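Now for the letters of each chain:
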Amino acid sequence: MSTRADRDQVPDGAALAPALVAQEAEALLVRLGRLRPFVMTETMVLAAALPYDAHRAIERFLHVGRTALRDDVEGFLDWLTGPGASAPAWEQQRRFVAIRMRFNDVLSQLDVFAEVVTQRSEQGTGVWLSGLDRLAADAVGMPDPPVEPPPLVCYLARGAGAAIRRARTRLPGGRLSPVAVIRVPRERMVGHGVASSLIHEVGHQVAAQLELVPSLQDAIARRRARAGPAEAAAWDGWHSTVSECVADLWSVGKLGISSTLGLLAVVSLPRSLTFRPPRGDPHPMPYVRVLLSAAIGRAFYPHPQWDALVAAWKACYPVQDVTRELRADIARLEGTADDLADLMAGHRPRLLGGRTIADVLPLATRTPERLLTLRRTWGDDLGVLARRPPTLVFAVMGQARGAGLVAPQQESAVLADVLAAWAVRSSIDVMARPHHARPRPAHQRPAAPVAASAQP
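Below, the structure is looked at part by part. As the structure is a computational prediction, the values presented were derived from the model and not from experiment.

**Re a negative patch on the surface**
Moving on, step 1. On the surface, E26, D71, E74 and D78 cluster together into a negatively charged patch.
Moving on, step 2. For the negative patch, the element with the most residues is helix α4 (residues 52–81), which contributes 3 residues.
Moving on, step 3. You can see E74 is positioned in helix α4.

This is how it looks when you write it as structure tokens:
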């Protein structure tokens, strides 16, 4: 049993609260000080390094976040020993909790990029990822871009689906990502299919840069208004899934049939999933996505291969045993797929200044005939392949694979080698980057020793 004397020794809660809050704030500063830039914590061969602009943007983004948080904590401690000393305990706690939540946001932002960087230390994988960064940079490019594309970085993840966290989208805490981060399925490494998944995701970044989805939805709505009742239902479906459709169009435009073959592998699912209607999902029905991809291919590169691919797809997934309503939906969508492909290819978004989407894609070099000619000319000569645009190399290999001229084992070996060659080239490009030393202003202090300045 406590005595009166014991109770008299219990500290007053209001008096103790500022000390507890101050200790927690000091602890935040200690933990914040233990966060190090990736360049100090990650080991990787130079060929596996992130693209220079991407790495610089990520490190600067995280440094700015750490610096702002440190200023917030120190400002809070100054307030706590100054004007805040007389504030009620609940107000002191409220302000501290807000700062701690921002600290957790900083950790979450670090985690977003940590997986991208740490995989660069994996034997073999890191170098391949650097090569994929080069592929992504080529895929986002277009002649005279109206908007400068952001840096893009890749990482691998389990599962069948790729994904992108687009540049300029919000990270935890509300800050905008300085780079686009593309998740590539591990099961796609290494073959033409990895390019199909990756460039589809790049297509989402391009769509955001050119503001394609809203303008395409407007164009589809106008087309729907002129359609009969049955056809209008199909255009309603395309309207709700056009964000994925235009990303598929970008992929076919960069890769040719490699894109469709890669997509076919992704959506080769149990029948219940392949024929599952979107029901709010922005992806079209997987079965229909292949039909649309082939329709885009026919629009870009007329050739019998597209009809042959569609026939093979239909043989793998016959529609006779799906419901009558579902067959009707599929027929309506298939019946308008060619029109949608033409609508997207001929679309003139405001930012392209009168050019169509097709005008900014390298269609002339992606025809089946041209790709097979390049395959015969290049062979497996790594010295030649490493000097060609990455999207073109993957388009050539996928076309050759589709024509039965390259076995999967050979394709994988060649593409693994060329990814490594692109990684080496990118690391040499970074080392060759000119350095322009700026004179130090007279009022500026000399640089601190490295040991003292290692933590920004």
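On we go.
**A closer look at helix α6 (residues 125–140)**
Moving on, step 1. Between its first and last C-alpha, α6 extends 22 Å over 16 residues, near the 22 Å set by a 1.5 Å rise per residue.
Moving on, step 2. Taken across its 16 residues, α6 has 12 buried, putting it largely inside the fold.
Moving on, step 3. Among the residues making up α6, those that are buried are T125, G126, V127, L129, S130, G131, L132, D133, L135, A136, A139 and V140.

**What to know about the packing of aromatic side chains**
How two aromatic rings sit relative to each other is given by the distance of their centres and the angle of their planes.
Moving on, step 1. In total, this model carries 9 aromatic pairs according to the counting rule given.
Moving on, step 2. Centre to centre, the rings of F61 and F113 are 6.0 Å apart; their planes meet at 75 degrees, and the pair counts as edge-to-face. Residue F61 is found in helix α4, and its partner F113 is found in helix α5 (residues 89–118); the two are separated by 52 residues along the sequence.
Moving on, step 3. Geometrically, the ring pair formed by W313 and Y317 is tilted, given 4.7 Å between the ring centres and 50 degrees between the ring planes.
Moving on, step 4. In this arrangement the basic side chain of R95 is found over the ring face of W79, its NZ or CZ atom lying 4.1 Å from the centre.
Moving on, step 5. Positioned above the aromatic ring of F61, the side-chain terminus of R175 is 3.8 Å from the ring centre.

**Side note on the pattern of salt bridges**
Moving on, step 1. Taken as a whole and judged by the stated rule, the model has 16 salt bridges.
Moving on, step 2. Here R95 makes a salt bridge to E91, at a shortest N to O gap of 2.9 Å. Here the residue R95 and the residue E91 both occupy positions in helix α5, the gap between them amounting to 4 residues, near one helical turn.
Moving on, step 3. For E91, a relative accessible area of 12% gives the class buried.
Moving on, step 4. In this structure, D248 and R289 form a salt bridge, with 2.9 Å as the shortest nitrogen-oxygen distance. With a gap of 41 residues between them, D248 in helix α9 (residues 229–255) and R289 in helix α12 (residues 286–300) connect regions that are remote in the sequence.
Moving on, step 5. R289 gets classed as buried once you look at its relative accessible area, which sits at 9%.
Moving on, step 6. Each of E91, R94 and R95 takes part in one network of salt bridges that share partners.

**Let's talk about the packing of α12 against helix α14 (residues 324–345)**
Moving on, step 1. For the pair α12 and α14, interaxial distance at closest approach is 9 Å and the crossing angle is 40 degrees. In terms of orientation, α12 lies oblique with respect to α14. Between α12 and α14 lies a crossing whose hand is right-handed. Taken together, the residues of α14 that come into contact with α12 (itself represented by Y287, V288, L291, L292, A295, I296, R298, A299 and F300) are I330, L333, E334, A337, D338, L340, A341, D342, M344 and A345.
Moving on, step 2. Tallied by class, residues from the contact of α12 with α14 come to 15 nonpolar, no polar and 4 charged.

**Examining the pairing of strand β1 (residues 152–157)**
Moving on, step 1. Taking burial as the measure, the 6 residues of β1 include 6 buried ones, the bulk of the element.
Moving on, step 2. Because side chains alternate across β1, one face comprises the buried residues L152, C154 and L156, and the other comprises V153, Y155 and A157, equally buried.
Moving on, step 3. Direction of pairing for β1 relative to strand β3 (residues 180–185): parallel, over a ladder of 6 bridges. Opposite A157, over in β3, you have P185 as the bridge partner.

**Considering unusual backbone geometry**
Moving on, step 1. At R168, a residue that is not glycine, the phi angle is positive and equals roughly 70 degrees.
Moving on, step 2. By secondary structure assignment, the location of R168 is in the loop between β2 (163–165) and β3.
Moving on, step 3. The exposure class of R168 is exposed, given its relative accessible area of 59%.
Moving on, step 4. In this model, R279 sits at a positive phi of 50 degrees, which is unusual for a non-glycine residue.

Rules used in this analysis
- Residues numbered from 1 in each chain as written.
- Predicted model: local features only at pLDDT ≥ 70, side-chain atom pairs only at ≥ 80, totals over all residues.
- Heavy atoms only, no water.
- Patch = residues over 30% accessible without salt bridge, like charges linked within 9 Å, V, L, I, M, F, W, Y side chains within 5 Å.
- Areas by Shrake-Rupley, 256 points an atom, 1.4 Å probe, with all protein chains shown as cover.
- Salt bridge = Lys/Arg side-chain N within 4 Å of Asp/Glu carboxyl O.
- Lys, Arg positive; Asp, Glu negative; His and termini not counted.
- Charge placed at Lys NZ, Arg CZ, Asp CG, Glu CD.
- Helix = DSSP H or I, 4+ residues; strand = E, 2+ residues; numbered from the N terminus.
- Expected span 1.5 Å × (residues − 1).
- Buried < 20%, exposed > 50% of the residue type's maximum accessible area, 1.4 Å probe, protein only.
- Phe/Tyr/Trp six-rings, centres within 6.5 Å; stacked < 30°, edge-to-face > 60°.
- Lys NZ or Arg CZ within 6 Å of the ring centre and 35° of its normal.
- Axes fitted to C-alpha atoms, helices over the stretch in contact; angles between N-to-C directions.
- Parallel < 35°, antiparallel > 145°, perpendicular 65-115°, else oblique.
- Left-handed = near helix turned anticlockwise from the far one by under 90°.
- Contact = heavy atoms within 4.5 Å.
- Nonpolar A, V, L, I, M, F, W, Y, C, P; charged D, E, K, R; others polar.
- Pairing = 2+ DSSP bridges.

By themselves these figures say nothing about function.
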